[in-house]
Amino acid sequence: MYTLGIETSCDETSCAILKDYKVLSNVTISSLREHRKYGGVVPEIATRAHLKNINKVLYGALGTSGISLDKIGLIAVTYKPGLIGSLVVGVNFAKALSYALKKPLIGVNHLYAHIFASFLNNDEKLEFPFLGLVVSGGHSEIYYVKDFDKIKLLGQTQDDACGEVFDKIAKAYGLDYPGGPAIDKLFDVRHKDYFKFKCGRSGLNLSFSGIKTALIYKKMEFEKKNLLDKNTKVKLLSSFQAASIEAVVSAILEAKAQYKLKVVACGGGVVANSYLRKRLKESEGKGDRFLIPPLEYTADNAAIVAGLGFYLYNKKGKVSSLTLEAEAN
Ligand code: KG4
Ligand code: ZN
C-alpha cells in the first residue's frame, strides 16, 4: 500500500510516499533560513512558508517516487503537537486530499513519529515493549512503548527542551540558528570536561534551564575580562554539549535499568548530535540496542509520519475522521 505522509508541525514542510515501510520519496522544504535573523522559529513566518510550499513538496514527493495521486491508499498527517498555525496547514491539506481522493486519513502524533524513525525501510525490528527517547527542539522525553497506540510518558524535561537550550546558548554566543548543529560543529571532545557544567536530573526527569544560565553567566564573565576568544568559546561549548548529552544518556540508562528493557528507539533533531550518537553506541551492553535512525530521519520529515500512520492503520485498524483537528499540545 502507498501512504502519503504530511508533516508541517514546525518549520519543515514535508511530504513523503512510502510503499508499506519503504521510503520511496521524502521531500522537505525548511523555512529555517527565514527564521535565522530572529534566532528562533517565528510562527507566522512558518505558517506562511507552509502555505507557499505544501503543493511543491507534494508534487516533489509524487514526482520522485513515480507514484500518481490516485495510487495513494492512505493519508497520514501530523496533527499534534506543534505550532497551531503550522499544524492547521498540514491537517487541512490532508483532510482535503482524503475527501477528494476518497482515501482514509490518519492523524499522527509527531513525537511518536520520531520514535518510529528507526523502523522505516525495515519493520522486522518492531518488537514490543521498548523505550522511546525523543530529544528535539521542543521535547526531551522518555516513553514506555508497549505498542504505538499504548505509549506511556515516563520522564520529561521540567523546563527547556534539549534542542531549545542548544539554540538559546548558540544565540547567546553569536552562533547561527539552529544552534545544535552549530555547537556540534565546534565541539572538541578533548575539552568535554574543561568546565564543570551539570544538568539537573531527578529520576527520569531532566532540567536544562540551570546549565543555560550557567553558560550565559560564564560568557559574560569572560567577556568582562576580555577573554572570550574563539578557543575559550570552544572549551565552554564543548563542556556544555558533553554535560547536556551525558544527562540525557544517564536518564535513558536509568529508565532501561528501571524497566528492564534492552531496546531504546531514539528520535528527534538532537539525535543528529555526534556526541550523543557516539555515547549511545558506547553505552550498549550485552543484548542492548539503541536504535539510532539515519540522519535524514532524525529531524522533522514526513517519512516518519507516513511510517507510523501506516503501522497504526495496517496493524491497529486506526483511522481518523474528517473532523480531525490540529492540537498545539
Ligand atoms: O526534531 P526537530 O527537527 O524539530 C522539533 O520537532 O523540534 O529538532 C530540531 C532541534 C533544534 O533545536 C536543533 O538545534 C537540534 O534539533 N539539533 C541538534 C543537532 N542537529 C539538530 N542538536 C544538537 N546537535 C545536533 N547535531
Ligand atoms: Zn520534531
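Rules of the game
Residues numbered from 1 in each chain as written. Chains lettered and ligands numbered in written order. Predicted model: local features only at pLDDT ≥ 70, side-chain atom pairs only at ≥ 80, totals over all residues. Heavy atoms only, no water. Helix = DSSP H or I, 4+ residues; strand = E, 2+ residues; numbered from the N terminus. Rg over C-alpha atoms; globule rule 2.2 N^0.38 Å. Contact = heavy atoms within 4.5 Å. Areas by Shrake-Rupley, 256 points an atom, 1.4 Å probe, with all protein chains shown as cover. Lys, Arg positive; Asp, Glu negative; His and termini not counted. Charge placed at Lys NZ, Arg CZ, Asp CG, Glu CD. Donors = N, O, S within 2.8 Å, 3.2 Å for Na, K, Ca; no water. Tetrahedral: all angles 85-135°; square planar, octahedral: opposite > 155°, others 65-115°. Buried < 20%, exposed > 50% of the residue type's maximum accessible area, 1.4 Å probe, protein only. Pairing = 2+ DSSP bridges. Axes fitted to C-alpha atoms, helices over the stretch in contact; angles between N-to-C directions. Expected span 1.5 Å × (residues − 1). Domains from an automatic or database assignment. Buried area = accessible area lost by both parts, 1.4 Å probe. Salt bridge = Lys/Arg side-chain N within 4 Å of Asp/Glu carboxyl O. Polar contact = N/O pair within 3.5 Å; in protein donor to acceptor, adjacent residues only side chain to side chain. Nonpolar A, V, L, I, M, F, W, Y, C, P; charged D, E, K, R; others polar. Parallel < 35°, antiparallel > 145°, perpendicular 65-115°, else oblique. Near = heavy atom within 4 Å.

Focus: the overall build of the protein chain
Moving on, step 1. Across its full length, the protein chain holds ten helices and twelve strands.
Moving on, step 2. Its C-alpha radius of gyration of 20 Å places the protein chain within 12% of the 20 Å reference for a compact globule of 329 residues.
Moving on, step 3. Based on the C-alpha atoms only, the size of the protein chain along its principal axes is roughly 65 × 45 × 30 Å.
Moving on, step 4. Contacts in the protein chain between residues at least 24 apart in sequence constitute 72% of all its contacts with a sequence separation of at least 6.
Moving on, step 5. Of the roughly 14300 Å² that the protein chain leaves accessible, carbon and sulfur atoms contribute 52%.
Moving on, step 6. Computed over 45 positive and 33 negative side-chain charges, the inter-centroid distance for the protein chain is 1 Å.

Brief notes about the coordination of the zinc ion (ligand 2)
Think of it this way: four donors in a tetrahedron around the metal ideally sit 109.5 degrees apart, and six in an octahedron ideally sit 90 or 180 degrees apart.
Moving on, step 1. Around the zinc ion (ligand 2), the protein contributes the donor atoms His110 (NE2), His114 (NE2) and Asp300 (OD), at 2.0 to 2.2 Å from the metal centre.
Moving on, step 2. Coordination at the zinc ion (ligand 2) comes from four donor atoms whose angles at the metal span 92 to 150°, giving a geometry best classed as irregular.
Moving on, step 3. Positions of the donor residues of the zinc ion (ligand 2), expressed as sequence spacing, correspond to H-x3-H-x185-D. One end of the pair, His114, is in helix α4 (residues 110-116); the other, Asp300, is in the loop between β12 (289-291) and α10 (302-316), and 186 residues separate them in sequence.
Moving on, step 4. Relative accessible area serves as the criterion here: at 1%, His114 is assigned to the buried category.

Regarding the sheet that holds strand β8 (residues 150-156)
Moving on, step 1. As summarised here, the arrangement of the five strands in space is β8-β7-β6-β11-β12, forming an open sheet in which the pairing is mixed. The open sheet has two edge strands, β8 and β12, and neither has a second partner. Taken pair by pair, the neighbouring strands of this sheet meet at an average axis angle of 25°, ignoring direction.
Moving on, step 2. Pairing of strand β11 (residues 263-267) with β12 involves three bridges; the strand directions are parallel.

Points about helix α8 (residues 230-259)
Moving on, step 1. An ideal rise of 1.5 Å per residue puts 44 Å on 30 residues; α8 measures up with 43 Å between its terminal C-alpha atoms.
Moving on, step 2. Positive backbone phi, at 50°, marks Lys260, one or two positions downstream of α8.

A look at the domain arrangement of the protein chain
Moving on, step 1. Splitting the protein chain by domain gives domain 1 (2-121 + 297-316) and domain 2 (126-295).
Moving on, step 2. Taken over C-alpha atoms, the centre of domain 1 sits 26 Å from the centre of domain 2.
Moving on, step 3. Of the residues lining the interface, 24 residues belong to domain 1; the matching set on domain 2 comes to 30 residues.
Moving on, step 4. Summed over the three residues of domain 1 that lose the most area to domain 2, namely Ile115, Phe119 and Thr298, the buried surface amounts to 29% of that side.
Moving on, step 5. Across the domain 1-domain 2 interface, the total number found is one salt bridge.
Moving on, step 6. Lys316 serves as the salt-bridge partner of Asp147, at 2.6 Å between the closest nitrogen and oxygen.
Moving on, step 7. Our count for the contact surface shared by domain 1 and domain 2 stands at eleven residue pairs in polar contact (both at pLDDT 80 or more).
Moving on, step 8. Elements with a contribution of two residues or more to the side of domain 1 that touches domain 2: α1 (32-35), α4 and α10.
Moving on, step 9. By residue number, the principal contributor to the side of domain 1 that touches domain 2 is α4, which donates five residues.
Moving on, step 10. When its residues are assigned to classes, the side of domain 1 that touches domain 2 shows 15 nonpolar, six polar and three charged.

Some remarks on the packing of helix α7 (residues 209-224) against α8
Moving on, step 1. The interhelical angle for the contact between α7 and α8, taken along N-to-C directions, is 170°, at an axis separation of 11 Å. Taken together, α7 and α8 sit at an angle that is classed as roughly antiparallel. Every residue of α8 that contacts α7 at Ile211, Leu215, Lys218 and Phe222 is listed here: Thr232, Leu236, Leu237, Phe240, Ala243 and Ser244.
Moving on, step 2. A breakdown of the residues in the contact of α7 with α8 according to their chemical character gives seven nonpolar, two polar and one charged.

Some thoughts on the site of ligand 1
Moving on, step 1. Looking at ligand 1, there are 20 residues lining it, with Gly137, Asp167, Asp184, Gly269 and Asn273 nearest.
Moving on, step 2. Measuring from an oxygen atom of ligand 1, one finds a backbone N or O atom of Gly163 at 3.2 Å.
Moving on, step 3. Contact distances for ligand 1 include 2.7 Å between an oxygen atom and a side-chain N or O atom of Asp167.
Moving on, step 4. Across the complex, the protein chains shield 88% of the 560 Å² of accessible surface that ligand 1 would expose by itself.
Moving on, step 5. Of all elements in the fold, only α4, α5 (162-172) and α6 (179-186) reach the threshold of two or more residues within the shell around ligand 1.
Moving on, step 6. With four residues, the single largest contributor to the shell around ligand 1 is α6.
Moving on, step 7. Class assignment for the residues of the shell around ligand 1 results in six nonpolar, eleven polar and three charged.
Moving on, step 8. Built from parts of two domains, the shell around ligand 1 gets at least three residues from each of domain 1 (2-121 + 297-316) and domain 2 (126-295).

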